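# Per-entry structural report
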Amino acid sequence: MVLEVEDVLHMNTGNGESSYAQNSFVQELVIRKTLPVFEHTIKGMADLDINLIGQCFKIADLGCSSGKNTLLFARTIMDIVNEVCKVNNRKAPQFQVCLNDLYGNDFNTIFKMLPNFLAKLKKEKGEDFGPCFISAVPGSFYGRLFPNQSLHLVHSSYSVHWLSQVPEGVDNNKGNIYMSKTSPPNVLEAYQKQFFLDFTKFLNLRSEEIVSGGHMVLTFLGRSIADPTSEDCCRIYELLAQSLLDMLQEGLTILVLTNFQGIVEESDINLFNLPCYTPCEDEVRNAIQNEGSFYVETLNGFQGNWDPYDTDYTNTYDLKEDSHKHGKSASNAFRAVVEPLLTSHFGNSIIDVLFKKFERHVAEELAIKKTRYFNILISLTRK
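This write-up is about the structure you can find in this document. (Residues numbered from 1 in each chain as written. Predicted model: local features only at pLDDT ≥ 70, side-chain atom pairs only at ≥ 80, totals over all residues. Heavy atoms only, no water.)

This part is about the nonpolar core. Ranked by size, the top nonpolar core spans 105 residues in total, and within it F199, F202 and I378 carry the most contacts. When residues of this core are assigned to their parent elements, the largest contribution, ten residues, is made by helix α7 (residues 231–258). The residues touching F202, leaving out its near neighbours within four places in the chain, are L62, F141, Y142, V160, M216 and L218. (Core = buried A, V, L, I, M, F, W, Y, C linked by side-chain atoms within 4.5 Å. Buried < 20%, exposed > 50% of the residue type's maximum accessible area, 1.4 Å probe, protein only. Helix = DSSP H or I, 4+ residues; strand = E, 2+ residues; numbered from the N terminus. Contact = heavy atoms within 4.5 Å.)

Take a look at the structure:
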C-alpha cells in the first residue's frame, strides 16, 4: 500500500487525551525558543522600512496544525510588531495572518478559538490596534500557496522535516520504520535525496511568495552530527519499530496457540516507512546555498527532552520512577503526531496496545540514557 502523505499527515484532532491539542507542549517550547529571532528580525525590518510600517503586515504560518500553538505564533508576532511601532512612534499596521496546513488538519478547532482570540486582542490592545484578518490556506507547502511577492514574514515550526512522500526504493528497510543503524545504505541515500529535493522546492516556492527583503523563520527536527543514524534523530523511531515487532511476535504466538490471526503482519511492518527526514546543519546550509534565493541570518541547533515537561538537562539518565512518568508523557506527545500515519497503514485496533508498549520502551531507554531531540532553527532573508 502506498502512503499518500497529503491524505493522512495531520496531528490527532479534537481535544481528547491523545489529541494534539492536549499534547503539544513540545511544539510550544520550540515556538518560544524562536522569540529572540523574531524580535531581531522584525526590528531589522522596521529599521529598513521593508513594507512593514503604515500598511498591512502579511504573515504566514506553514504547517500551523491546530490548538493554542497556532494562535500563539500570530499573537507573538503582533506583540513584537506593536512594541517596535511604539518605540518608533508609529501606528501599528493591519495584520493579515494566513494559517496553512494540509486538508486533513483540524481547522474547525482553530475557527472556534478565533472569536475569543480576537476579542481578547481588541480588549488588550485597544480599538486602534490592527485590525487583524485571519484566514486558512489549506494545501501542501510543496506547492504554491500565495500570490507572488505577497508575504513579509513566513514561519514554520516542526513541519519542514516532513517530506512530500516516502522516499522511493526503501522497500528493503525491513524491521525499521525510518533510518536506522540496520538500514541498508540505499535507504539512507534515498531519504537524503528526498529531503534535498523537497527542501529545495520549498525554498524556491517561498522565494516567489515572499517580498524582497522579507524573512522566513523555520524550526524543525534535525540531528547533531553527520551520521544519519545518530541517536538524537533515530532512536525514538527505533523504539516505535521495536514496539511493532513486539506485537508481531505476540501475534505469532497467539496464532500458534489458538489459530487466531495476528493483528500485526510482518509484511505490514516492512512496507511502512515514515515520510520525514532529520538533517544535520551542514545539509540544511548546503541546500539553502545551492538554491540561492535566501541569505542565512541565523542557523543553530538546540536540544529538547523527549518529555517536554522534563526540565532536567543536567542528568544523562532518569531515576526509575521518573523514567516511567517521562515515558508516558513522551509517548503521549509522540502519539499525537504519528498516530494518523500509523492508523492509515495498520488500522486503529492496534494503537492503544502499541503505545503502551512504546511507553514502556521509552521509559526503559530514559533510565539508561537520556537521549534528546535535536532541533534546527534558521532565519532567512529573501534576496
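Next comes the rest of the description.
This brings us to empty space enclosed by the protein. Per the counting criterion, the structure on display carries two cavities of 30 Å³ or more. As a volume, the second largest cavity reaches approximately 60 Å³. Lining the second largest cavity are L221, G222, E231, D232, C233, C234, I236, Y237, T278, W306, Y373 and F374. Elements that contribute at least two residues to the lining of the second largest cavity include exactly β5 (210–222), α7 and β7 (372–382). (1 Å grid on protein atoms, 1.4 Å probe; cavity = no way out; pocket = protein on both sides within 12 Å on 5 of 7 lines; lining within 4 Å. Points joined across faces, edges and corners; volume = space filled by probe spheres on them.)

All right, on to unusual backbone geometry then. Its identity as a non-glycine residue notwithstanding, Q149 has a phi of 50°, on the positive side. If you trace the backbone, Q149 turns up in the loop between β3 (132–138) and β4 (151–157). On the basis of relative accessibility, which here comes to 41%, the residue Q149 falls in the partly exposed class. Positive phi values are uncommon outside glycine, yet Y158 reaches one of about 55°. Tracing the backbone through its elements, the reader meets Y158 in the loop between β4 and α6 (185–209).

What the rule picks out here adds up to 16 salt bridges. A salt bridge links E124 to R75; its shortest N-O distance comes to 2.5 Å. Remark: R75 occurs in helix α4 (residues 68–87) and E124 occurs in helix α5 (residues 107–125); sequence separation between them is 49 residues. The class of E124 is partly exposed, set by a relative accessible area of 45%. Classification of R75 by relative accessible area gives buried; the value is 17%. One salt bridge connects K181 with D227, and the closest N-O pair in it is separated by 3.5 Å. With K181 in the loop between β4 and α6 and D227 in the loop between β5 and α7, the pair connects residues that are 46 residues apart, well separated along the chain. Judged by relative accessible area, which is 31%, D227 ranks as partly exposed. Residues joined by salt bridges that share partners form a network here, namely R75, D79, E124 and K125. (Salt bridge = Lys/Arg side-chain N within 4 Å of Asp/Glu carboxyl O.)

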